[in-house]
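A look at the structure
Listed here are the chains, written in short residue letters.
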Amino acid sequence: MFSIRSFLLILLIFPMSACLAQETYLQTVKTDIILPDEAGKNVLKLFNSEGNVVAVTSTGVFRHRDGKWTGRRQGTGWRTATLDLDGNLWLASAKNIQSEKNVKNIGSPPLAANDTILCLFWENKKTLWVGTNEGLWMWEGRWDFSPFIKSTRVNDIAKDATGSLYIATTKGLWRRKEAKWVNLDETLMAIGNQETYYALSPYNQGKDMIFGSVWAVSCIADNGDHWALRGADGLPYGPVRVVRPTHDGIWMGTHKGAIKKDSSWHYYHGKRWMPHSQINDILVIDSLTVWMATLEGISQIKQQPMTLAQKADLFEKVIALRHNRRGLINRSRLKTPGDVSSSYSDNEDNDGLWTSCYLLAECFRYAATGDSAAKARAIETFEALERLETVTGISGYPARSYATATDVVTQSRSPHPKKWHSSPDGKWQWLDDTSSDEITGHLFTLPLFYDMVADSAQKERVRRLIRRIVDHIVDNNYHLIDFDGKPTRWGIWHPDSLNHSPNWMYERGLNSLQILSFLKTAYHFTGDSKFEKHYQYLTKQHGYAQNAVQAKVFGPFETSHSDDILNFFPYYNLLRYSQGDPHRELYQKSLLRSWQAVRNDHMPVWNVLSSVMLNKDCDLQIALQEIQQYPIDLVNWTMENSHRWDLPKDQLVSRSGKLQSTKPIPTPESNISRWNTNPKHFDAGDDGKTEESGSYFLAAYWIGRYHGFWK
């Protein structure tokens, strides 16, 4: 079996030091910053001033210090703001400019009827520049209109360390250097910028100037090492309309989310990260924290020091609060989208499978730590799996789900009919048409519970349960027989179906792999030779070992992500209990093929399990990065990525007919990953109507932790 001895063998094959995580990493955490009611929600600008964070909204100015807001409404219709060199705040509406404290009355530029103010910039204590829809105004004791920059929209104004002034317009990027005005689109800029610029910011101690254009974010460097970053370079989206350099990179704002560029790219969009997709401003609070001003409020994005163990503890608390329904572990539903306080548990068609996945995590957790809480949770979860079988009154037939007799249950939404039945004692009700999903989950995790957690009495219960389940299958001619005496829709492992029916050719390798694993598991735990005889019959008479190699042959240009869990789980016990078997090499070949087929998905559970079973490093560093990036927020928000510039589009749609990328969407930027999720779908999620349990993270982390892949 896979154990510490197996791990020592792995140590000899590939160096583990490169795979060990540091004790602490930086976890990205979002927090909503709640504004006073009178502030409204449309936050235009954010500033640091005199130890306060200053938020300018469309209704006034509000200051934040030590977690408290002060401020008041100051009219309506504000559109932008700026600080002068003395730290005084200036506000502008469409036509008017005023200082917050009336430190100086400069009046307003004499704008045309159809002209409006867009941006303000104090160059020095005497000179204010004002960008409008129609050009550039300057105040130095009186208002003057620029003869150079006119009949164009001025989007932003900035100055570098040398005193050069830059003006971003829709008719070029202008620079005033040593009193000379030049349109850089006539001398320096690429034609692809379309003479249109949105955002400016000094960079590199003010010596360089970053700008956002139509298709890129670029830099005019003082030393001539200019650069441009486009979608092909990793820029997720644009145009970039806000630029804020930090100590380790650049933050950018767009009308569809925020972007950070450091050693890699990070894209924050959707309600997981922002109350609204339009970013009006970005304020760097400290080296780990930024605030995002949006049309619907402020979002704080913070890099929080954390260990993987602390993250696991957070998810355990979430499961205890919202995901344990009478011992069954699954996602919860939210009456109010995104509001976890409105969470409620509901039955699901595959409660048995997802509960098995949680048992998997708790078994490895207890084996790795000896934590009594993990042991207690594992025992409770085992008893739930056991109840799924005993509640049906059919020996060896686990239900998909159960509830008490008085619980209100939700009818299945599956196209394959499923019905609820009363238990023999009348205390429970259970859901029929059990799938191979449930059997695969039970027979993978019950041996783990036996080996890692169970006492002697519980071991005997495990042995009997495994025997009953596999007895049921072989005694019914390799079928799972339902309440009505007929095979369930997916509980079929018979040679006539797998080898000869066109309807089952896609499942031939998958289901052959499953039944061989089931039989080896039953033989290991019971010693009953009939299970070995059935194994020999299927391998010798019907070629099931050769079938197993075909697990990823059919549909070679698409992956059935919903079947991956049914593919990988059976390998574990089949390889554990087939030492010396002449077909073992075929099973290893099958596993290697399956791993290669999903390798580009970057799913850490499969990376970790494949590393253990193949005794080699199956992209463990990628697995580590994925579990570190896995979001703390488990709400299944809708995450849209089909608009992105950086993700290559696959010409083949996915198995479900959806558009997908040729590479996985980074974990924080997609929907909450689950074992059966396609990580390449551009758009995914359910508008925040459910919350996942975090079992996916827990399983990947604790298997890897047990095998020493990380701390």
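Refer to the preceding data block for the structure.
Let us look at the structure shown here.

The rules behind these values
- Residues numbered from 1 in each chain as written.
- Predicted model: local features only at pLDDT ≥ 70, side-chain atom pairs only at ≥ 80, totals over all residues.
- Heavy atoms only, no water.
- Core = buried A, V, L, I, M, F, W, Y, C linked by side-chain atoms within 4.5 Å.
- Buried < 20%, exposed > 50% of the residue type's maximum accessible area, 1.4 Å probe, protein only.
- Contact = heavy atoms within 4.5 Å.
- Helix = DSSP H or I, 4+ residues; strand = E, 2+ residues; numbered from the N terminus.
- Expected span 1.5 Å × (residues − 1).
- Polar contact = N/O pair within 3.5 Å; in protein donor to acceptor, adjacent residues only side chain to side chain.
- Pairing = 2+ DSSP bridges.
- Axes fitted to C-alpha atoms, helices over the stretch in contact; angles between N-to-C directions.

Before going further, it helps to examine the nonpolar core. Within the largest apolar cluster, 109 residues are counted, with the highest numbers of intra-cluster contacts made by Phe449, Trp606, Trp675 and Trp710. Excluding its chain neighbours within four sequence positions, the residues that come into contact with Phe449 are Leu359, Cys363, Ala378, Ile379, Phe382, Ala454, Gln458 and Val462. In this structure, Tyr268, Trp273, Met292 and Ile301 belong to the second largest nonpolar core, which totals 15 residues.

Helix length check: helix α6 (residues 456-475) (20 residues) gives 28 Å between terminal C-alpha atoms against 28 Å at 1.5 Å per residue, within 8%. Listing the buried residues of α6 in full gives Gln458, Val462, Leu465, Ile466, Ile469, Val470, Asp471, His472, Ile473 and Val474. On its buried face, α6 is in contact with α4 (372-390), α5 (436-452), β35 (479-481), α8 (508-526) and α9 (529-542). Backbone nitrogen of Ala457 and a side-chain oxygen of the N-cap are separated by 3.2 Å at the start of α6; the cap is Asp455. Where α6 ends, the next residue or the one after it, Asn477, has phi of about 60°, a positive value.

Tracing the chain through its elements places Thr690 in strand β37 (residues 690-691). With relative accessibility at 2%, the residue Thr690 sits in the buried group. Within the structure, Thr690 has its side chain in polar contact with the side chain of Asp686 (distance 2.6 Å). In contact with Thr690, not counting residues within four places along its chain, are Arg331, Ser332, Arg333, Leu334, Leu634, Val635 and Asn636.

Locating Ala699 in the fold gives a position in helix α15 (residues 695-706). When the C-alpha atoms of Ala699 and Phe364 are compared, they prove to be 7.8 Å apart, with 335 residues separating the residues in sequence. Those residues within four positions of Ala699 in sequence are excluded, and the remaining contacts are Leu360, Ala361 and Trp675.

A few words now on the sheet that holds strand β22 (residues 249-254). With antiparallel pairing, the four strands of this open sheet are ordered in space as β21-β22-β23-β24. The sheet is open, and its two edges are formed by β21 (242-246) and β24 (265-268), each paired on a single side. Neighbour to neighbour, the strand axes of the sheet diverge by 15° on average, direction disregarded. Looking at chain direction, β22 and strand β23 (residues 257-261) are connected through five bridges and run antiparallel. Looking across to β23, one finds that Met252 is bridged to Ile259.

Turning next to the environment of Tyr577. Structurally, Tyr577 can be placed in the loop between α11 (561-576) and α12 (584-598). Remark: the alpha-carbon pair of Tyr577 and Ser517, spanning 60 residues in sequence, is separated by 8.4 Å. Apart from residues lying up to four places away in sequence, Tyr577 is in contact with Pro447, Asp451, Lys520, Thr521, His524 and Phe525. Polar contacts involving the side chain of Tyr577 include one to the side chain of Arg576, which spans 3.3 Å.

Working note: non-glycine residues mostly have negative phi, and peptide bonds are mostly trans. With an omega of 5°, the peptide bond between Gly238 and Pro239 qualifies as cis. Checked against the element boundaries, Pro239 lands in the loop between β20 (227-229) and β21. The backbone phi angle of Arg326 is positive, close to 55°, even though this residue is not glycine. Looking at the secondary structure, you find Arg326 in the loop between β28 (324-325) and β29 (328-329). Here the phi dihedral of Asp619 falls at roughly 60°; this positive angle occurs in a residue that is not glycine. Mapped onto the elements, Asp619 comes out in the loop between α13 (604-614) and α14 (620-629).

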